[in-house]
Amino acid sequence: MKLAALGLNHRSAPVEIRERLAFTPEQAARALEMLRSQAGVSEAVVLSTCNRVELYACRPDEPIHFRDLQAFLARFHQLPEEQFSSCLYKYRDAEAIEHLFLVACSGDSMVLGETQILSQVKEAYRVAAQAGMAGPLLGRLFQHALAVGKEVHTLTGIGKLKISVSSVAVDFAEKIFTSLAGRTLLVLGAGKVSELTLKHMVHKGVQTILVSNRTPEKAEQLARAFGGRSLPFELMLENLTLADIVISSTGSPKPIIHPQQVREALRRRRHQPMFLIDIAVPRDIDPAVNEMDNVFLYDIDDLEKAVAENRAARQSEILECRRLVAERVDQFVNAIRIRDAGPVIARLTEKVHQMRQQELERTLNKLGALSAKDREEIEYMTKRIINKLLNSPISTIRQEVAKGDGHRILDAAEKLFDLDSDSEEAAKDEGKDERLEPGT
Amino acid sequence: MFTIATLIYLAGGIFALRELMAPRPSRSPCPLLCALGGFLLHTLWLAWVTAERGRLPEADPFTSLSLIAWCAVLLFLISYRLFGAPPALTSFFMPVVVLFSLAALGISVAEPAAEPGSASGWMLAHGILMLLGCAAFAFAFVTGVMYLVQEHQLKAKSFGKLLRRLPSLDVLDRMNVSALAFGFAVYTGSLVAAAVGQMRSPLQWVRQPLGFLVAVTWVLYLFAVHARFLTPLRGKKLAYLTVLGFALILCTLGLFLGADSLHARGTGLGGLAP
């Protein structure tokens, strides 16, 4: 395996550099073609998102130099190397695989646990596959990365807890009402956060939307956007009775909803629970309201505290995420090695038998006239000696590979028997056979 | 066999509590499988006892408690299907089942079984309905406690794993109300059957301590049902009422188990409950 990964991300490079080095899908396809024709790279994938630009590349014969990839980036984007070289991270083989797996499960993302990265990795793979650059190694690697990304999201809590104020508010609403389908939502004021919360709630099935604002046009606009209806601000309190959920974000300097109003609304709605979300600063709803039974009041600090706790919980999942990734990297590397073991054993056997044949012919020539039976007997004896000699190393290689720790012994075998020089042809043939189709 | 069933319930309870407290939800099927396995074994044991004796089990405290545990698991399994299987329900419910089962085992060691007697159809109905009523109130108690815990989490804004793992207040309230309504209906039916079966007016048995406690319990549950369906009382207050009601049920059971009254004389299943 001769894999190299080079890139930069939101931590290593400022946005001014990232935007200069970013690839559109069309540029990525062109870059892959250039890598093949100019840099002699047999497989490559360009992963370019708003927070990272990464190049994964490999070739079967010799390792790829990072300086070549760096020079290629500079050439492609017409940006002097010295402007971004200090921002680059560089990984080889297992480290490169680990990095990609971590990226795919969003363990390296700015927002831990986000799921968009999976589709971005998938898109990068698709572009490379279309360009014929996702071969036996990178094709397999990216398919594994996508599977690992999904697995980590399923098995850990890295993406489960919400980390925006609006989605946290929806979570709390669901802890009170189970389902928001059929519920009535009253929006007071028309701020950005309340609009986002409203959007989330509509997505969850809120049935009736009432919007009230001191500026009727704004109320009308928001109501129309979400299929609700606007109400005069003066009638806001009367409509409190109808609302299961209230989102308030007016610019009022003093509270506009007081305990007695909520008590009256509760009485009229026969004490059905109410969820009040006060996003305004200064607050719109008197905090004493939270003391009442069946009323749940959350202000912006409460929601942000929940967001902070969820972020911390996601952060705490990163260790578990890394553990899973490390496991999958080992499995992948071993799988690649197992795939490589067959050719190594074949090359070893072939090389030793070639030597045997050469020495046999030389000896038989020196011996002169021998009967056909004698020649056959001598040849059979040399074969037996070679087979006996090879038996132990081959079975040891197979055992070690089967145990999942075969790469060391394969490397050792290649070095001991000088098999590297013979591997070029085999790798080329294998590359032809095992090219994977995209999306499989 | 009942001891093994109890041990399986116990294992289920431990699994469920471990899952509730675990750093990340495992969604292990072990707690539910234990509840199911214990219930099947428990049912087999009841069938075997009935078949061996050729009649329903006697009115002894051991059988009463074990039957309440059996009915409770039955209701739990039904509710598990009806209410979308909230996993935390197992964590809260299994300990109650284990307590009933362990109490039954403790009593079986301490006291000999009562002599068999003959039971009328009314008394048989009284016993069966009473056991079901107790199990339903146990269920209402568990969901009431879960409601109070979840309500406290939401009010106090404790954004921990308990908040995430407990069902919503709406689900807990529906479970609580269903158990309460069902429990009250069968409990009332049981008392009517007892009154008819013994040909005595309620005023007569209300004068006995056990009868008085049963009557107080019934009135409390009547108030709870009335409050939930006909007045705005709901949520936390109703949950407190179900907890208080179950405390009365436990007192009634305690008095029943300690009393050498009509029940303890053993009149078949019909006479085994308070």
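The structure contained in this document is the topic of the report that follows. (Residues numbered from 1 in each chain as written. Chains lettered and ligands numbered in written order. Predicted model: local features only at pLDDT ≥ 70, side-chain atom pairs only at ≥ 80, totals over all residues. Heavy atoms only, no water.)

Description of the overall build of chain B
Just so we agree on the cut-off: Only runs of H or I of at least four residues qualify as helices and only runs of E of at least two qualify as strands under DSSP, and these elements are numbered from the N terminus. Note on exposure labels: buried denotes an accessible area under 20% of the residue type's maximum, exposed denotes more than 50%, and partly exposed covers the range between, all computed with a 1.4 Å probe on protein chains only. In this description, contact between two residues means that some pair of their heavy atoms is separated by no more than 4.5 Å. In short, Shrake-Rupley with a 1.4 Å probe defines the accessible areas, and a residue's cover is counted only from the protein chains shown.
Helix and strand counts for chain B come out as 10 helices and zero strands. The order of helices and strands in chain B, counted from the N terminus, is α-α-α-α-α-α-α-α-α-α. The buried share among the 274 residues of chain B stands at 53%. Nonlocal contacts in chain B, meaning residues at least 24 apart in sequence, comprise 81% of its contacts between residues at least 6 apart. Carbon together with sulfur atoms contributes 73% to the accessible area of chain B, which is approximately 11,600 Å² in total.

Digging into helix α2 (residues 25-39) of chain A
Residue and element names in this part refer to chain A. Quick note on the threshold: Residue count minus one, scaled by 1.5 Å, sets the expected span of a helix.
An ideal rise of 1.5 Å per residue puts 21 Å on 15 residues; α2 measures up with 20 Å between its terminal C-alpha atoms. Looking at the packing, one finds that the buried side of α2 touches β2 (43-48), β3 (52-58), α3 (66-77) and α6 (116-130). The first or second residue beyond α2 is glycine 40, which carries a positive phi of 65°.

Focus: the sheet that holds strand β1 (residues 3-9) of chain A
Residues and elements named next belong to chain A. Selection criterion: What makes two strands pair is DSSP finding at least two bridges between them. Note on definitions: angles span 0 to 180 degrees between N-to-C directions of axes, and those axes are lines fitted to C-alpha atoms, for helices only across the stretch in contact.
With respect to topology, four strands assemble into an open sheet ordered β2-β3-β1-β4, the strand pairing being antiparallel. At either end of the open sheet lies a strand with only one pairing partner, and these are β2 and β4 (89-92). Each adjacent strand pair in this sheet contributes to an overall mean axis angle of 10°, direction not counted. Pairing geometry for β1 and β3, over seven bridges, is antiparallel. Across the sheet, the residue bridging to leucine 6 is leucine 55, located in β3. Contacts from α2 reach β2 and β3 within the one sheet, and its direction differs from that of β2 by about 150°. Sheet strands in contact with α6 are β2 and β3, and its direction is about 145° off that of β2.

With respect to the interface of chain A and chain B
The condition that has to hold: By convention, the term buried area covers the 1.4 Å-probe accessible surface removed from two parts as they join, with the contributions of both added. What counts as a salt bridge is simple: a side-chain nitrogen of Lys or Arg found within 4 Å of a carboxyl oxygen of Asp or Glu. As used in this structure description, the phrase polar contact means that two N or O atoms lie within 3.5 Å; if the pair is within protein, one of them must be able to donate a hydrogen and the other to accept it, and residues adjacent in sequence are counted only when both atoms belong to side chains.
In this assembly, 29 residues from chain A lie in contact with 25 residues from chain B. Buried area between chain A and chain B, both sides added, is near 2,200 Å², and the carbon and sulfur share of it is 48%. Taken together, the links from chain A to chain B amount to three salt bridges. Where chain A packs against chain B, one counts 14 residue pairs in polar contact (both at pLDDT 80 or more).

Digging into the sheet that holds strand β7 (residues 229-232) of chain A
Residue and element names in this part refer to chain A. Pairing is parallel across the open sheet formed by six strands, whose spatial order is β7-β6-β5-β8-β9-β10. This sheet does not close on itself; its edge strands, each paired only once, are β7 and β10 (295-299). Averaged over all pairs of adjacent strands, the angle between their axes in this sheet comes to 20°, without regard to strand direction. With four bridges connecting them, strand β8 (residues 245-248) and strand β9 (residues 274-278) associate as parallel partners. Residue pairing for β9: valine 246 is matched across the bridge by leucine 276.

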